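Notes for the structure review
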Amino acid sequence: MSDVTVVGAGLAGCEAAWALANAGHRVALYEMKPARYSPAHHSPDFAELVCSNSFKATRLISAAGLLKEEMRLLNSVVLAGAAEAAVSAGGALAVDRERFSAAVTRRVLAHPGIRAVTGEEITGIPQGPAVIATGPLTSKALSDAIGELCGERYLSFYDASAPIVTADSIDGERTFFATRYGRGEADYINCPFSQPEYDAFYDALVSARAVELKPFEREYFKVYEGCMPIEVMAKRGRDTLRFGPMRPVGIRVPWTGHRPWANIQLRRENGEGSLYNMVGFQTNLTFPEQERVFRMIPGLQNAQFARFGVMHRNTFLDSPRLLDRCFRLRARQDLYFAGQITGVEGYMESAASGIMAGRSLARQLAGREPRPLPTETMLGSLCGYISNPGVEDFQPMGSNMGILPALAERERNKELRYTKLAERSLAALKRYLEEEETA
(Lines give C-alpha, C1' and ligand atoms only; values in the text may rest on other atoms or scores of the structure.)
Protein backbone atom coordinates (compact mmCIF):
# COMPACT_ATOMS: atom_id res chain seq x y z
CA MET A 1 0.00 0.00 0.00
CA SER A 2 1.17 3.49 -0.81
CA ASP A 3 0.11 6.85 0.57
CA VAL A 4 -0.32 8.40 -2.85
CA THR A 5 -0.47 7.53 -6.55
CA VAL A 6 1.29 9.43 -9.33
CA VAL A 7 0.25 8.53 -12.87
CA GLY A 8 2.83 9.23 -15.57
CA ALA A 9 6.63 9.32 -15.29
CA GLY A 10 7.29 12.26 -17.55
CA LEU A 11 8.95 15.43 -16.26
CA ALA A 12 5.92 16.50 -14.23
CA GLY A 13 5.23 13.04 -12.79
CA CYS A 14 8.84 12.53 -11.74
CA GLU A 15 8.89 15.92 -10.00
CA ALA A 16 5.57 15.23 -8.24
CA ALA A 17 6.74 11.82 -7.03
CA TRP A 18 10.08 13.29 -5.93
CA ALA A 19 8.44 16.08 -3.93
CA LEU A 20 5.99 13.71 -2.26
CA ALA A 21 8.66 11.16 -1.39
CA ASN A 22 10.99 13.84 -0.02
CA ALA A 23 8.16 14.93 2.26
CA GLY A 24 8.07 11.41 3.73
CA HIS A 25 5.15 9.93 1.80
CA ARG A 26 5.17 6.57 0.06
CA VAL A 27 4.57 6.98 -3.67
CA ALA A 28 3.44 4.51 -6.32
CA LEU A 29 4.60 5.95 -9.66
CA TYR A 30 2.78 4.37 -12.61
CA GLU A 31 4.15 4.46 -16.15
CA MET A 32 2.61 2.54 -19.05
CA LYS A 33 5.94 2.25 -20.90
CA PRO A 34 7.42 -0.08 -22.00
CA ALA A 35 4.23 -2.11 -22.45
CA ARG A 36 2.67 0.73 -24.40
CA TYR A 37 4.05 3.88 -26.02
CA SER A 38 2.32 7.05 -27.13
CA PRO A 39 2.84 8.10 -30.79
CA ALA A 40 5.68 10.41 -29.76
CA HIS A 41 7.52 8.24 -27.21
CA HIS A 42 10.18 5.63 -27.95
CA SER A 43 12.37 5.20 -24.86
CA PRO A 44 11.50 3.11 -21.79
CA ASP A 45 13.19 5.70 -19.56
CA PHE A 46 11.33 8.32 -17.52
CA ALA A 47 11.28 12.05 -18.38
CA GLU A 48 11.61 11.39 -22.11
CA LEU A 49 11.98 14.52 -24.26
CA VAL A 50 9.85 14.26 -27.38
CA CYS A 51 10.43 17.65 -29.03
CA SER A 52 13.41 19.95 -28.50
CA ASN A 53 16.37 19.07 -26.28
CA SER A 54 16.59 22.65 -25.01
CA PHE A 55 15.33 23.95 -21.68
CA LYS A 56 15.80 27.51 -22.98
CA ALA A 57 17.82 30.39 -21.53
CA THR A 58 19.84 30.30 -18.34
CA ARG A 59 20.12 34.07 -17.82
CA LEU A 60 18.42 34.97 -14.56
CA ILE A 61 16.81 38.03 -16.13
CA SER A 62 14.99 35.86 -18.65
CA ALA A 63 11.69 34.15 -17.86
CA ALA A 64 13.16 30.70 -18.55
CA GLY A 65 16.25 31.36 -16.45
CA LEU A 66 14.22 32.73 -13.55
CA LEU A 67 11.87 29.73 -13.57
CA LYS A 68 14.82 27.34 -13.46
CA GLU A 69 16.36 29.18 -10.51
CA GLU A 70 13.04 28.92 -8.66
CA MET A 71 12.96 25.20 -9.42
CA ARG A 72 16.48 24.78 -8.01
CA LEU A 73 15.32 26.37 -4.77
CA LEU A 74 12.40 23.92 -4.78
CA ASN A 75 14.77 20.92 -5.11
CA SER A 76 14.00 19.92 -8.71
CA VAL A 77 15.05 16.40 -9.73
CA VAL A 78 14.71 17.34 -13.41
CA LEU A 79 17.32 20.10 -13.10
CA ALA A 80 19.65 17.72 -11.30
CA GLY A 81 19.37 15.35 -14.25
CA ALA A 82 19.83 18.21 -16.70
CA ALA A 83 23.05 19.30 -15.01
CA GLU A 84 24.45 15.80 -15.50
CA ALA A 85 23.45 15.60 -19.18
CA ALA A 86 24.08 19.20 -20.32
CA VAL A 87 25.58 19.92 -23.74
CA SER A 88 26.99 23.22 -24.99
CA ALA A 89 24.25 25.57 -26.16
CA GLY A 90 25.51 29.10 -25.64
CA GLY A 91 23.25 30.88 -23.20
CA ALA A 92 20.71 28.05 -23.09
CA LEU A 93 20.47 24.84 -21.07
CA ALA A 94 20.34 21.96 -23.54
CA VAL A 95 20.85 18.27 -22.82
CA ASP A 96 21.75 15.00 -24.42
CA ARG A 97 18.21 13.63 -24.30
CA GLU A 98 19.15 9.98 -23.67
CA ARG A 99 21.61 10.81 -20.89
CA PHE A 100 19.10 13.22 -19.38
CA SER A 101 16.26 10.68 -19.24
CA ALA A 102 18.62 8.04 -17.86
CA ALA A 103 19.84 10.44 -15.15
CA VAL A 104 16.34 11.36 -14.00
CA THR A 105 15.21 7.72 -14.13
CA ARG A 106 18.16 6.61 -12.01
CA ARG A 107 17.47 9.24 -9.34
CA VAL A 108 13.76 8.48 -9.16
CA LEU A 109 14.22 4.70 -8.99
CA ALA A 110 16.86 5.07 -6.27
CA HIS A 111 14.56 7.00 -3.95
CA PRO A 112 13.41 4.69 -1.14
CA GLY A 113 10.01 6.40 -0.97
CA ILE A 114 9.12 5.79 -4.62
CA ARG A 115 7.86 2.47 -5.96
CA ALA A 116 7.82 2.49 -9.76
CA VAL A 117 5.18 0.38 -11.49
CA THR A 118 6.13 0.22 -15.16
CA GLY A 119 4.33 -1.41 -18.06
CA GLU A 120 0.92 -0.89 -16.47
CA GLU A 121 -1.57 1.51 -18.04
CA ILE A 122 -3.94 3.36 -15.75
CA THR A 123 -7.27 3.65 -17.55
CA GLY A 124 -9.41 5.22 -14.84
CA ILE A 125 -9.21 7.90 -12.19
CA PRO A 126 -7.25 6.56 -9.18
CA GLN A 127 -9.04 6.16 -5.87
CA GLY A 128 -7.50 8.08 -3.01
CA PRO A 129 -4.94 10.89 -3.19
CA ALA A 130 -3.27 11.11 -6.58
CA VAL A 131 -1.48 13.27 -9.12
CA ILE A 132 -2.30 12.72 -12.79
CA ALA A 133 0.66 13.79 -14.90
CA THR A 134 0.07 11.84 -18.09
CA GLY A 135 1.03 14.69 -20.37
CA PRO A 136 -0.36 16.03 -23.61
CA LEU A 137 -0.59 12.54 -25.10
CA THR A 138 -2.80 11.00 -22.43
CA SER A 139 -4.16 7.63 -23.57
CA LYS A 140 -7.72 7.53 -24.85
CA ALA A 141 -9.05 5.40 -21.98
CA LEU A 142 -7.72 7.71 -19.27
CA SER A 143 -8.56 10.78 -21.35
CA ASP A 144 -12.16 9.60 -21.56
CA ALA A 145 -12.23 9.00 -17.81
CA ILE A 146 -10.91 12.50 -17.13
CA GLY A 147 -13.42 13.94 -19.58
CA GLU A 148 -16.24 12.12 -17.78
CA LEU A 149 -15.02 13.42 -14.43
CA CYS A 150 -14.61 17.00 -15.64
CA GLY A 151 -17.60 17.21 -17.96
CA GLU A 152 -17.12 18.67 -21.41
CA ARG A 153 -14.47 21.17 -20.29
CA TYR A 154 -11.71 19.42 -22.19
CA LEU A 155 -9.71 20.83 -25.09
CA SER A 156 -7.12 19.53 -27.53
CA PHE A 157 -4.56 20.93 -29.90
CA TYR A 158 -1.67 19.68 -32.01
CA ASP A 159 2.01 20.17 -31.36
CA ALA A 160 4.85 20.02 -33.89
CA SER A 161 8.53 19.08 -33.48
CA ALA A 162 11.52 20.14 -35.58
CA PRO A 163 13.79 17.98 -37.75
CA ILE A 164 17.23 16.86 -36.61
CA VAL A 165 20.17 16.65 -39.05
CA THR A 166 23.52 14.89 -38.72
CA ALA A 167 26.48 17.15 -38.04
CA ASP A 168 28.71 15.59 -40.68
CA SER A 169 26.17 16.38 -43.41
CA ILE A 170 26.25 20.15 -42.70
CA ASP A 171 28.40 22.18 -45.09
CA GLY A 172 30.95 24.04 -42.99
CA GLU A 173 31.87 26.28 -45.92
CA ARG A 174 28.42 27.88 -45.96
CA THR A 175 27.72 27.94 -42.22
CA PHE A 176 29.44 29.31 -39.11
CA PHE A 177 29.32 28.99 -35.33
CA ALA A 178 27.94 31.95 -33.34
CA THR A 179 25.33 32.98 -30.80
CA ARG A 180 23.22 36.10 -31.06
CA TYR A 181 25.02 39.19 -29.79
CA GLY A 182 27.94 36.96 -28.78
CA ARG A 183 26.19 35.77 -25.61
CA GLY A 184 27.76 32.63 -24.18
CA GLU A 185 29.82 30.15 -26.15
CA ALA A 186 29.48 30.09 -29.94
CA ASP A 187 27.58 26.79 -29.93
CA TYR A 188 24.94 27.36 -32.63
CA ILE A 189 25.54 26.59 -36.28
CA ASN A 190 24.17 29.47 -38.36
CA CYS A 191 22.79 29.13 -41.88
CA PRO A 192 22.72 32.68 -43.38
CA PHE A 193 20.46 33.60 -46.31
CA SER A 194 20.84 36.22 -48.99
CA GLN A 195 17.60 37.84 -50.13
CA PRO A 196 17.32 35.71 -53.33
CA GLU A 197 18.00 32.53 -51.32
CA TYR A 198 15.34 33.48 -48.79
CA ASP A 199 12.76 34.30 -51.46
CA ALA A 200 13.30 30.95 -53.19
CA PHE A 201 13.11 29.09 -49.88
CA TYR A 202 9.99 30.95 -48.81
CA ASP A 203 8.17 30.20 -52.08
CA ALA A 204 9.04 26.51 -51.79
CA LEU A 205 7.98 26.34 -48.15
CA VAL A 206 4.53 27.91 -48.52
CA SER A 207 3.72 25.69 -51.52
CA ALA A 208 5.02 22.45 -49.98
CA ARG A 209 2.63 19.60 -49.22
CA ALA A 210 1.73 18.97 -45.60
CA VAL A 211 0.41 15.76 -44.07
CA GLU A 212 -3.30 15.58 -44.75
CA LEU A 213 -5.40 15.69 -41.62
CA LYS A 214 -8.40 13.48 -41.06
CA PRO A 215 -11.83 15.16 -40.87
CA PHE A 216 -12.03 14.89 -37.08
CA GLU A 217 -8.51 16.31 -36.80
CA ARG A 218 -9.37 19.33 -38.93
CA GLU A 219 -12.40 19.97 -36.72
CA TYR A 220 -10.33 20.10 -33.55
CA PHE A 221 -7.11 21.45 -35.06
CA LYS A 222 -5.56 24.06 -32.81
CA VAL A 223 -1.92 25.07 -32.72
CA TYR A 224 -0.28 26.79 -29.78
CA GLU A 225 1.67 29.81 -31.02
CA GLY A 226 4.93 28.59 -29.49
CA CYS A 227 4.80 25.32 -31.46
CA MET A 228 3.29 26.54 -34.72
CA PRO A 229 4.47 24.62 -37.82
CA ILE A 230 6.94 26.71 -39.79
CA GLU A 231 4.89 26.38 -42.98
CA VAL A 232 1.77 27.70 -41.22
CA MET A 233 3.69 30.63 -39.77
CA ALA A 234 5.18 31.45 -43.17
CA LYS A 235 1.74 31.86 -44.73
CA ARG A 236 1.10 34.86 -42.49
CA GLY A 237 3.38 36.92 -44.70
CA ARG A 238 6.67 36.86 -46.61
CA ASP A 239 8.63 38.54 -43.82
CA THR A 240 7.00 36.77 -40.88
CA LEU A 241 9.84 34.24 -40.56
CA ARG A 242 12.43 37.03 -40.68
CA PHE A 243 10.88 38.43 -37.53
CA GLY A 244 10.53 34.99 -35.95
CA PRO A 245 12.67 31.83 -36.10
CA MET A 246 14.71 33.14 -39.07
CA ARG A 247 15.44 36.56 -37.59
CA PRO A 248 18.96 37.77 -38.47
CA VAL A 249 19.44 40.10 -35.49
CA GLY A 250 22.61 39.86 -33.43
CA ILE A 251 24.39 37.91 -36.16
CA ARG A 252 27.16 38.92 -38.60
CA VAL A 253 28.29 36.69 -41.46
CA PRO A 254 32.07 36.27 -41.06
CA TRP A 255 32.89 36.38 -44.77
CA THR A 256 30.83 39.52 -45.47
CA GLY A 257 30.86 41.36 -42.16
CA HIS A 258 27.17 42.15 -42.66
CA ARG A 259 23.95 40.91 -41.16
CA PRO A 260 22.28 38.19 -43.29
CA TRP A 261 18.88 38.75 -44.88
CA ALA A 262 17.61 35.83 -42.81
CA ASN A 263 19.23 33.19 -40.62
CA ILE A 264 18.49 29.72 -39.28
CA GLN A 265 20.24 28.39 -36.18
CA LEU A 266 21.03 24.74 -35.53
CA ARG A 267 21.40 23.65 -31.90
CA ARG A 268 23.44 20.71 -30.68
CA GLU A 269 21.12 17.79 -29.94
CA ASN A 270 23.45 15.36 -28.14
CA GLY A 271 26.63 15.31 -26.09
CA GLU A 272 28.77 14.07 -28.95
CA GLY A 273 27.69 16.94 -31.18
CA SER A 274 26.77 14.51 -33.95
CA LEU A 275 23.17 15.73 -34.23
CA TYR A 276 21.74 19.24 -34.64
CA ASN A 277 18.18 20.47 -34.19
CA MET A 278 16.66 23.03 -36.59
CA VAL A 279 15.63 25.66 -34.02
CA GLY A 280 12.06 26.87 -34.45
CA PHE A 281 11.34 24.61 -37.44
CA GLN A 282 8.50 22.51 -36.10
CA THR A 283 6.69 21.18 -39.13
CA ASN A 284 3.87 19.05 -40.47
CA LEU A 285 5.25 18.73 -44.01
CA THR A 286 5.49 15.27 -45.52
CA PHE A 287 8.90 13.66 -45.17
CA PRO A 288 9.81 13.97 -48.90
CA GLU A 289 8.81 17.65 -48.81
CA GLN A 290 10.93 18.26 -45.74
CA GLU A 291 13.92 16.80 -47.57
CA ARG A 292 13.26 18.86 -50.69
CA VAL A 293 12.53 22.20 -49.02
CA PHE A 294 14.95 22.12 -46.10
CA ARG A 295 17.86 21.19 -48.36
CA MET A 296 17.40 24.64 -49.89
CA ILE A 297 18.76 26.08 -46.62
CA PRO A 298 22.36 27.28 -47.09
CA GLY A 299 24.65 24.62 -45.67
CA LEU A 300 21.99 21.90 -45.66
CA GLN A 301 22.01 21.07 -49.37
CA ASN A 302 23.33 17.58 -48.49
CA ALA A 303 21.63 17.28 -45.13
CA GLN A 304 20.94 13.84 -43.73
CA PHE A 305 17.88 13.81 -41.49
CA ALA A 306 18.21 11.75 -38.33
CA ARG A 307 14.60 12.64 -37.56
CA PHE A 308 11.98 14.43 -39.60
CA GLY A 309 9.60 16.87 -38.01
CA VAL A 310 6.23 15.46 -36.95
CA MET A 311 2.97 16.62 -35.45
CA HIS A 312 1.19 14.88 -32.61
CA ARG A 313 -1.95 15.38 -30.63
CA ASN A 314 -1.85 17.29 -27.35
CA THR A 315 -4.65 17.46 -24.83
CA PHE A 316 -5.16 19.91 -22.00
CA LEU A 317 -7.79 20.76 -19.41
CA ASP A 318 -9.84 23.91 -19.26
CA SER A 319 -7.85 24.59 -16.11
CA PRO A 320 -9.29 28.03 -15.19
CA ARG A 321 -12.64 26.32 -14.62
CA LEU A 322 -11.25 23.14 -13.06
CA LEU A 323 -8.05 23.68 -11.07
CA ASP A 324 -6.93 25.91 -8.22
CA ARG A 325 -3.54 27.62 -7.88
CA CYS A 326 -2.00 24.46 -6.43
CA PHE A 327 -3.12 22.32 -9.43
CA ARG A 328 -5.82 20.67 -7.33
CA LEU A 329 -9.12 19.70 -8.94
CA ARG A 330 -11.78 21.89 -7.37
CA ALA A 331 -14.39 19.16 -7.66
CA ARG A 332 -12.25 16.54 -5.90
CA GLN A 333 -9.87 17.84 -3.27
CA ASP A 334 -7.50 14.85 -3.17
CA LEU A 335 -6.87 14.81 -6.93
CA TYR A 336 -4.17 16.94 -8.57
CA PHE A 337 -3.02 17.38 -12.16
CA ALA A 338 0.43 18.36 -13.38
CA GLY A 339 2.30 18.92 -16.62
CA GLN A 340 1.11 20.00 -20.04
CA ILE A 341 -2.31 18.48 -19.47
CA THR A 342 -2.93 21.49 -17.19
CA GLY A 343 -2.16 24.00 -19.93
CA VAL A 344 1.35 24.98 -18.90
CA GLU A 345 3.55 25.04 -21.98
CA GLY A 346 7.16 23.93 -22.04
CA TYR A 347 9.47 21.36 -20.48
CA MET A 348 10.43 23.40 -17.44
CA GLU A 349 6.92 24.69 -16.93
CA SER A 350 5.62 21.11 -16.93
CA ALA A 351 8.27 19.97 -14.48
CA ALA A 352 7.62 22.98 -12.24
CA SER A 353 3.90 22.24 -12.14
CA GLY A 354 4.79 18.73 -10.95
CA ILE A 355 6.83 20.23 -8.11
CA MET A 356 3.89 22.41 -7.11
CA ALA A 357 1.34 19.59 -7.30
CA GLY A 358 3.58 17.22 -5.33
CA ARG A 359 4.42 19.74 -2.63
CA SER A 360 0.76 20.76 -2.30
CA LEU A 361 -0.53 17.21 -1.99
CA ALA A 362 2.24 16.41 0.50
CA ARG A 363 1.02 19.24 2.75
CA GLN A 364 -2.56 18.04 2.41
CA LEU A 365 -1.59 14.48 3.36
CA ALA A 366 0.18 15.91 6.42
CA GLY A 367 -3.05 17.60 7.49
CA ARG A 368 -2.11 21.11 6.36
CA GLU A 369 -3.70 23.27 3.69
CA PRO A 370 -1.70 23.63 0.46
CA ARG A 371 0.03 27.01 0.14
CA PRO A 372 -0.01 28.79 -3.23
CA LEU A 373 3.29 30.31 -4.27
CA PRO A 374 3.63 34.11 -4.16
CA THR A 375 2.40 35.75 -7.36
CA GLU A 376 5.73 37.62 -7.51
CA THR A 377 7.41 34.34 -8.48
CA MET A 378 7.41 33.07 -12.05
CA LEU A 379 5.88 29.73 -11.05
CA GLY A 380 3.36 31.46 -8.79
CA SER A 381 2.26 33.70 -11.65
CA LEU A 382 1.97 30.71 -13.96
CA CYS A 383 -0.16 28.90 -11.36
CA GLY A 384 -2.33 32.00 -11.14
CA TYR A 385 -2.80 32.19 -14.88
CA ILE A 386 -3.88 28.58 -15.39
CA SER A 387 -6.35 28.81 -12.48
CA ASN A 388 -7.82 32.24 -13.22
CA PRO A 389 -11.55 31.89 -14.03
CA GLY A 390 -11.36 35.29 -15.72
CA VAL A 391 -9.37 33.74 -18.58
CA GLU A 392 -12.14 32.94 -21.04
CA ASP A 393 -10.48 31.53 -24.18
CA PHE A 394 -7.86 29.46 -22.38
CA GLN A 395 -4.73 28.54 -24.32
CA PRO A 396 -1.49 27.00 -23.03
CA MET A 397 0.92 29.44 -21.41
CA GLY A 398 4.66 29.29 -20.90
CA SER A 399 6.76 31.36 -18.54
CA ASN A 400 7.22 34.98 -19.59
CA MET A 401 7.95 38.23 -17.82
CA GLY A 402 4.59 39.60 -18.88
CA ILE A 403 2.65 37.43 -16.40
CA LEU A 404 4.54 38.80 -13.38
CA PRO A 405 2.91 41.61 -11.37
CA ALA A 406 4.24 45.04 -12.32
CA LEU A 407 6.89 46.70 -10.17
CA ALA A 408 5.72 49.29 -7.67
CA GLU A 409 7.75 51.91 -9.53
CA ARG A 410 7.86 51.94 -13.29
CA GLU A 411 11.24 51.06 -14.78
CA ARG A 412 11.71 51.95 -18.45
CA ASN A 413 15.02 50.17 -18.96
CA LYS A 414 14.10 46.62 -19.94
CA GLU A 415 17.20 44.88 -18.58
CA LEU A 416 17.01 46.75 -15.30
CA ARG A 417 13.27 46.05 -15.06
CA TYR A 418 13.83 42.33 -15.59
CA THR A 419 16.66 42.36 -13.05
CA LYS A 420 14.37 43.89 -10.43
CA LEU A 421 11.57 41.43 -11.25
CA ALA A 422 13.97 38.49 -10.87
CA GLU A 423 15.35 39.79 -7.57
CA ARG A 424 11.84 40.35 -6.23
CA SER A 425 10.78 36.86 -7.31
CA LEU A 426 13.66 35.04 -5.64
CA ALA A 427 13.33 37.10 -2.47
CA ALA A 428 9.62 36.22 -2.29
CA LEU A 429 10.31 32.53 -2.84
CA LYS A 430 13.01 32.44 -0.17
CA ARG A 431 10.64 34.05 2.35
CA TYR A 432 7.97 31.52 1.37
CA LEU A 433 10.35 28.60 1.99
CA GLU A 434 11.50 30.04 5.33
CA GLU A 435 7.88 30.21 6.45
CA GLU A 436 7.06 26.73 5.13
CA GLU A 437 7.54 24.81 8.37
CA THR A 438 5.42 27.10 10.51
CA ALA A 439 2.67 27.96 8.01
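Just so it is clear, the structure is predicted and the values come from calculations on it, not from any experiment. (Residues numbered from 1 in each chain as written. Predicted model: local features only at pLDDT ≥ 70, side-chain atom pairs only at ≥ 80, totals over all residues. Heavy atoms only, no water.)

1. Topic: the overall build of the chain
Helix and strand counts for the chain stand at 13 helices and 16 strands. Its C-alpha atoms give the chain a radius of gyration of 22 Å, within 12% of the compact-globule value 22 Å for 439 residues. For the chain, the spread of C-alpha atoms along the three principal axes comes to 65 × 50 × 40 Å. For the chain, buried positions account for 56% of its 439 residues. Counting only contacts in the chain whose residues sit at least 6 apart along the sequence, the fraction spanning at least 24 positions is 71%. For the chain, the accessible area works out to roughly 18600 Å², and carbon and sulfur atoms hold 51% of it. (Helix = DSSP H or I, 4+ residues; strand = E, 2+ residues; numbered from the N terminus. Rg over C-alpha atoms; globule rule 2.2 N^0.38 Å. Buried < 20%, exposed > 50% of the residue type's maximum accessible area, 1.4 Å probe, protein only. Contact = heavy atoms within 4.5 Å. Areas by Shrake-Rupley, 256 points an atom, 1.4 Å probe, with all protein chains shown as cover.)

2. Re the sheet that holds strand S14 (residues 305-307)
Across the sheet, six strands lie side by side as S10-S11-S12-S13-S9-S14; this open sheet has antiparallel pairing. Among the strands making up the open sheet, the edge pair consists of strand S10 (176-177) and S14. Across five bridges, strand S11 (residues 189-193) lies against strand S12 (residues 262-268) in antiparallel orientation. Note that in S12 the partner of Ile189 across the bridge is Leu266. Along the sheet face, helix H6 (residues 195-207) touches S11 and S12 and points at about 95 degrees away from the line of S11. (Pairing = 2+ DSSP bridges. Axes fitted to C-alpha atoms, helices over the stretch in contact; angles between N-to-C directions.)

3. Observations concerning the pattern of salt bridges
Following the criterion strictly, the structure yields 23 salt bridges and no others. Among the salt bridges present, the one from Arg174 reaches Glu197, with a minimum N-O distance of 2.8 Å. In this pair, Arg174 is assigned in the loop between strand S9 (164-166) and S10 and Glu197 in helix H6, connecting sequence segments 23 residues apart. With a shortest N-O distance of 3.4 Å, Glu435 and Arg371 are connected by a salt bridge. Remark: Arg371 occurs in the loop between helix H11 (347-365) and helix H12 (378-386) and Glu435 occurs in helix H13 (residues 414-435); sequence separation between them is 64 residues. (Salt bridge = Lys/Arg side-chain N within 4 Å of Asp/Glu carboxyl O.)

4. Section: the nonpolar core
Core analysis: the biggest nonpolar cluster contains 92 residues, and Leu11, Phe55, Phe100, Val131, Ile146, Leu317 and Phe337 have the highest contact counts within it. It is H11 that provides the largest number of residues to this core, a total of nine residues. Contacts of Phe337, omitting those with residues within four sequence positions, involve Ile132, Ile146, Leu317, Leu323, Phe327, Leu329, Thr342 and Ala357. Counting 32 residues, the second-largest nonpolar core is a separate cluster that includes Ile170, Tyr202, Leu205 and Phe294. (Core = buried A, V, L, I, M, F, W, Y, C linked by side-chain atoms within 4.5 Å.)

5. Observations concerning H12
Of all nine residues in H12, seven are buried, a share of seventy percent or more. For H12, the set of buried residues is Met378, Leu379, Gly380, Ser381, Leu382, Cys383 and Ile386. Where H12 is buried, its residues contact helix H2 (63-73), helix H10 (319-322), H11 and H13.

6. Overview of H13
Think of an α-helix as turning once every 3.6 residues; residues three or four places apart then point the same way. The terminal C-alpha atoms of H13 lie 32 Å apart, and with 22 residues this matches the ideal 32 Å at 1.5 Å per residue to within 8%. Within the span of H13, buried status applies to Leu421, Ala422, Ser425, Leu426, Ala428, Leu429 and Tyr432. For H13, the angular spread of the buried residues around the axis is 160 degrees, confining them to a single face. Away from the buried face of H13 by more than 90 degrees, exposed residues Glu423 and Glu434 are located. Looking at the buried positions of H13, the neighbouring elements they touch are H2, H11 and H12. (Expected span 1.5 Å × (residues − 1). Arc of directions from axis to C-beta.)

7. Quick word on the pairing of S12
When you tally the buried positions in S12, you get six out of seven residues, the bulk of the element. The pairing of S12 with strand S13 (residues 275-278) spans three bridges and is antiparallel. Its bridge partner being in S13, Leu266 is matched across the sheet by Met278.

8. Thoughts on the packing of helix H1 (residues 11-22) against helix H3 (residues 77-85)
Between two packed helices, the angle of one axis relative to the other and the distance separating the axes together describe the packing. Their axes nearest at 8 Å, the elements H1 and H3 cross at an angle of 115 degrees. Across from Leu11, Cys14, Glu15 and Trp18 in H1, the residues of H3 making contact are Val77, Val78 and Leu79. Looking at side-chain class alone, the contact of H1 with H3 contains six nonpolar, no polar and one charged residues. (Nonpolar A, V, L, I, M, F, W, Y, C, P; charged D, E, K, R; others polar.)

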